[in-house]
Amino acid sequence: MKKKDFISADFFIVVLITVMTILYVSLIFNRNIWTDEAFTMDLVNSNSIIGIIKETAVDVHPPLYYLIAYIFVAIFGTSFQVYKIVSIVPMILTMLLAIVYIKPWFGEKTAILFILFLNAMPCVMEYGVQMRMYSWCIYFISLAALSAYGYCRFKSKKYLLFLTLAALCACYTHNFAMISAVFIYIFLGVFLILRERKIPFKWLLSGSVVSVFYIPWLLVLYNQTNNRVGNYWISNIDKETVIGYFADIFDSRIPYSTIMFVVLLFLSFVLLIIRMCYDKSNGLFGIMLFLVPIFTAFLGVTVSILITPFFIARYLLPCMGLMALGFALAFGNEKKYTYIFLCLFLVCMIGNSYYENYKEEYLSTNVAGFLEYMDEQMDDDDIIIYNYEMFDFIYECYFDAEHLVFLEDFDFGTEYENVWFIDSCCTPWLPDATLTQYGLTKEYVNTFSIEHNEFRLYRIYK
């Protein structure tokens, strides 16, 4: 190709990444979070680096994401937007892989499809702005897979180094990202052994380095797993649950989107198998990209059936970059009109994902109205009481802890200007006798919601 063609392709890819970045950033200007996001803020805001490691050791996830978030908020502050940007950064880094690796190795059409498929899968954009670790998992696993391919193709030590670092980071970010990284190493090892007819020492050394540095957390993982056998929130897995994984990943407001993606998945395998006849390395690499999430899911389902439910479709999110690249490799050589039609379909899916996530971020709860009202009405001496005890750490994301008191712990005889009662219509109740005893008036304000938990707000005053 001519030099100007490369420049225009790079320019188009940069524009595409920029547009996607703007879409992601436009979703962060709100204070609407769900329980796991509140857990992230509570863990990071209230702990040091050592404290984060200790707290995650008794949770279910490794500490790396929380440590990354800790560094960001230590520099830029603890606002909701900073936490959400922490999740957007790896999405940008993942898309930049299209420029750094995918376009030079597989062509510009594949690079463009990679970006489109990555953001068109409905489950991705949702977690691209949430205060959780999944977008970092996508980046680490995508980088690990591309580094494995780069090492196979170029025999360069730098790609083996990138693989080692990316796999280790994945292991310390999410347990199922660790499993996906293991399968990447296994597939790489099998390929190298078959090609070289011997055990590849450098591959073995790289895997050993990852294993040695992960051993300290492996012991923690063992204890975490034992503590949750038969005592975890995930429901039992059956055939319908497994089939439902496809809907969890691909379903959208667009009719039959799950079926369409499943058809694309089937066609991808067919096209990649055909491609192996004339381009063995790229065809085989594409198939391996799909096999990593398949094997990860198979292991998760097997453990969930034989031991205790541990797996849900969300834990396949670390592999979404691999699936996007697998799709892109399969369809990257399609003819002009087929390629354009596929791109238009993916653009429609991206538009739908943005619409759904915009509603979720800005319109799904009335938290904005609640916070706006409290900002206007609440004085420095006011107290907020609540009766939904398990939401205490969520309320602390919005209000200072010294202004928050659980209903049963509050002394109505103390001095205050106003008490704002968040009544989630659950026990414990606030007896009318208590109001009478202290000469208090309870005035209904409005019905609001936080994290999809609807509550009635009352103003209580003397």
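Residues numbered from 1 in each chain as written. Predicted model: local features only at pLDDT ≥ 70, side-chain atom pairs only at ≥ 80, totals over all residues. Heavy atoms only, no water.

Trainee: Could you give me a rundown of a negative patch on the surface, with the residues and numbers involved?
Mentor: On the surface, Asp379, Asp380, Asp381 and Glu417 cluster together to form a negatively charged patch. With respect to the helices, strands and loops of the structure, Asp380 is situated in the loop between α17 (367-377) and β1 (383-386). (Patch = residues over 30% accessible without salt bridge, like charges linked within 9 Å, V, L, I, M, F, W, Y side chains within 5 Å. Areas by Shrake-Rupley, 256 points an atom, 1.4 Å probe, with all protein chains shown as cover. Salt bridge = Lys/Arg side-chain N within 4 Å of Asp/Glu carboxyl O. Lys, Arg positive; Asp, Glu negative; His and termini not counted. Charge placed at Lys NZ, Arg CZ, Asp CG, Glu CD. Helix = DSSP H or I, 4+ residues; strand = E, 2+ residues; numbered from the N terminus.)

Trainee: Go over the state of the cysteines, please, and point to the residues and values.
Mentor: Counted according to the given criterion, the structure contains zero disulfides. For the unlinked cysteine Cys169, the closest cysteine sulfur is that of Cys171, found at 9.2 Å. The thiol sulfur of Cys343 is not disulfide-bonded, and the nearest other cysteine sulfur, from Cys348, lies at 11 Å. (Disulfide = S-S within 2.5 Å.)

Trainee: Describe in detail the pattern of salt bridges, supporting the description with residues and values.
Mentor: In this structure the tally under the stated criterion is nine salt bridges. One salt bridge in this structure joins Glu361 and Lys84, with 3.3 Å as the shortest N-O distance. With Glu361 in helix α16 (residues 336-363) and Lys84 in helix α5 (residues 80-106), this pair connects stretches of sequence that are 277 residues apart. Residue classification places Glu361 among the buried positions, given a relative accessible area of 7%. The exposure class of Lys84 is buried, given its relative accessible area of 0%. In this structure, Arg459 and Glu443 form a salt bridge, with 4.0 Å as the shortest nitrogen-oxygen distance. Separated by 16 residues along the polypeptide, Arg459 in strand β5 (residues 453-461) and Glu443 in strand β4 (residues 441-450) bring together distant segments of the chain. Note on Arg459: relative accessible area 23%, which makes it partly exposed. For Glu443, a relative accessible area of 34% corresponds to the partly exposed category. Among the ionic contacts, a cluster of salt bridges with common partners joins Glu37, Lys84 and Glu361. (Buried < 20%, exposed > 50% of the residue type's maximum accessible area, 1.4 Å probe, protein only.)

Trainee: An account of the domain arrangement of the protein is requested, with residue identities and associated values reported.
Mentor: On domain assignment, one finds that the protein holds domain 1 (3-363) and domain 2 (367-461). Between the C-alpha centres of domain 1 and domain 2 the distance comes to 41 Å. Across the boundary between the two partners, domain 1 contributes 11 residues, which contact 10 residues of domain 2. For the domain 1 and domain 2 pair, buried surface summed over both sides reaches about 960 Å², with 59% attributable to carbon and sulfur atoms. Per-residue buried area on domain 1 facing domain 2 is highest for Arg31, Ile33 and Thr35; these three make up 47% of the total on that side. Put simply, domain 1 and domain 2 have one salt bridge between them. Note that Asp375 and Arg31 form a salt bridge whose closest N and O atoms lie 3.5 Å from each other. The tally of links between domain 1 and domain 2 comes to four residue pairs in polar contact (both at pLDDT 80 or more). Broken down by element, the side of domain 1 that touches domain 2 gets its largest block of residues, five residues, from helix α2 (residues 35-45). (Domains from an automatic or database assignment. Contact = heavy atoms within 4.5 Å. Buried area = accessible area lost by both parts, 1.4 Å probe. Polar contact = N/O pair within 3.5 Å; in protein donor to acceptor, adjacent residues only side chain to side chain.)

Trainee: For the nonpolar core, give the residues involved together with the corresponding values.
Mentor: Phe117, Met320, Phe327, Phe370 and Tyr398 are the most contacted members of the largest nonpolar core, which has 154 residues in total. For this core, the domains that each give at least three residues are domain 1 (3-363) and domain 2 (367-461). Setting aside residues no more than four positions away along its own chain, Met320 makes contact with Leu118, Met121, Cys123, Val124, Ile138 and Ile249. Residues Phe410, Val419, Leu435 and Ile460 belong to the second largest nonpolar core, which totals 14 residues. (Core = buried A, V, L, I, M, F, W, Y, C linked by side-chain atoms within 4.5 Å.)

Trainee: Could you give an account of the side chain of Ser206, naming the residues involved and the relevant values?
Mentor: Structurally, the position occupied by Ser206 is in helix α11 (residues 201-228). Within polar-contact distance, the side chain of Ser206 engages the side chain of Thr164 at 2.6 Å. Of the polar contacts made by the side chain of Ser206, one reaches the side chain of Tyr185; its length is 2.5 Å. Sequence-distant contacts of Ser206, defined by excluding residues within four places in its chain, comprise Leu160, Thr164 and Tyr185.

Trainee: Please set out the environment of Leu205 residue by residue, giving values where relevant.
Mentor: Note on placement: Leu205 falls in helix α11. Overall, the relative accessible area of 45% leaves Leu205 in the partly exposed class. On a C-alpha basis, the gap between Leu205 and Leu160 in space is 9.8 Å, while along the polypeptide they are 45 residues apart.

Trainee: Describe the sheet that holds β5, and please don't skip the residues or the numbers.
Mentor: Ordered in space as β2-β1-β3-β5-β4, the five strands form an open sheet in which the pairing is mixed. Of all strands in the sheet, those with a lone pairing partner are β2 (404-406) and β4, marking the two edges. Ignoring strand direction, the axes of neighbouring strands in this sheet form an average angle of 25°. In terms of strand pairing, β1 meets β2 through three bridges, oriented parallel. In the strand pairing of β2, Ile384 is matched with Leu404. Sitting on the sheet, α17 touches β1, β3 (419-423), β4 and β5, and the angle it makes with β4 is about 140°. (Pairing = 2+ DSSP bridges. Axes fitted to C-alpha atoms, helices over the stretch in contact; angles between N-to-C directions.)

Trainee: With reference to specific residues and values, describe the environment of Ile294.
Mentor: Note that Ile294 resides in helix α14 (residues 280-306). Once the C-alpha coordinates of Ile294 and Cys319 are considered, the two residues, 25 residues apart in sequence, prove to be 9.5 Å apart.

Trainee: Could you give an account of the packing of α2 against α5, with specific residues and numbers?
Mentor: As a packed pair, α2 and α5 sit with axes 12 Å apart at the nearest point and diverge in direction by 105°. Between α2 and α5, the angle falls in the class roughly perpendicular. Between α2 and α5, the residues in contact are Glu37, Thr40, Met41, Val44 and Asn45 and Phe80, Tyr83 and Lys84, respectively. Partitioned by chemical class, the residues of the contact of α2 with α5 number four nonpolar, two polar and two charged. (Parallel < 35°, antiparallel > 145°, perpendicular 65-115°, else oblique. Nonpolar A, V, L, I, M, F, W, Y, C, P; charged D, E, K, R; others polar.)

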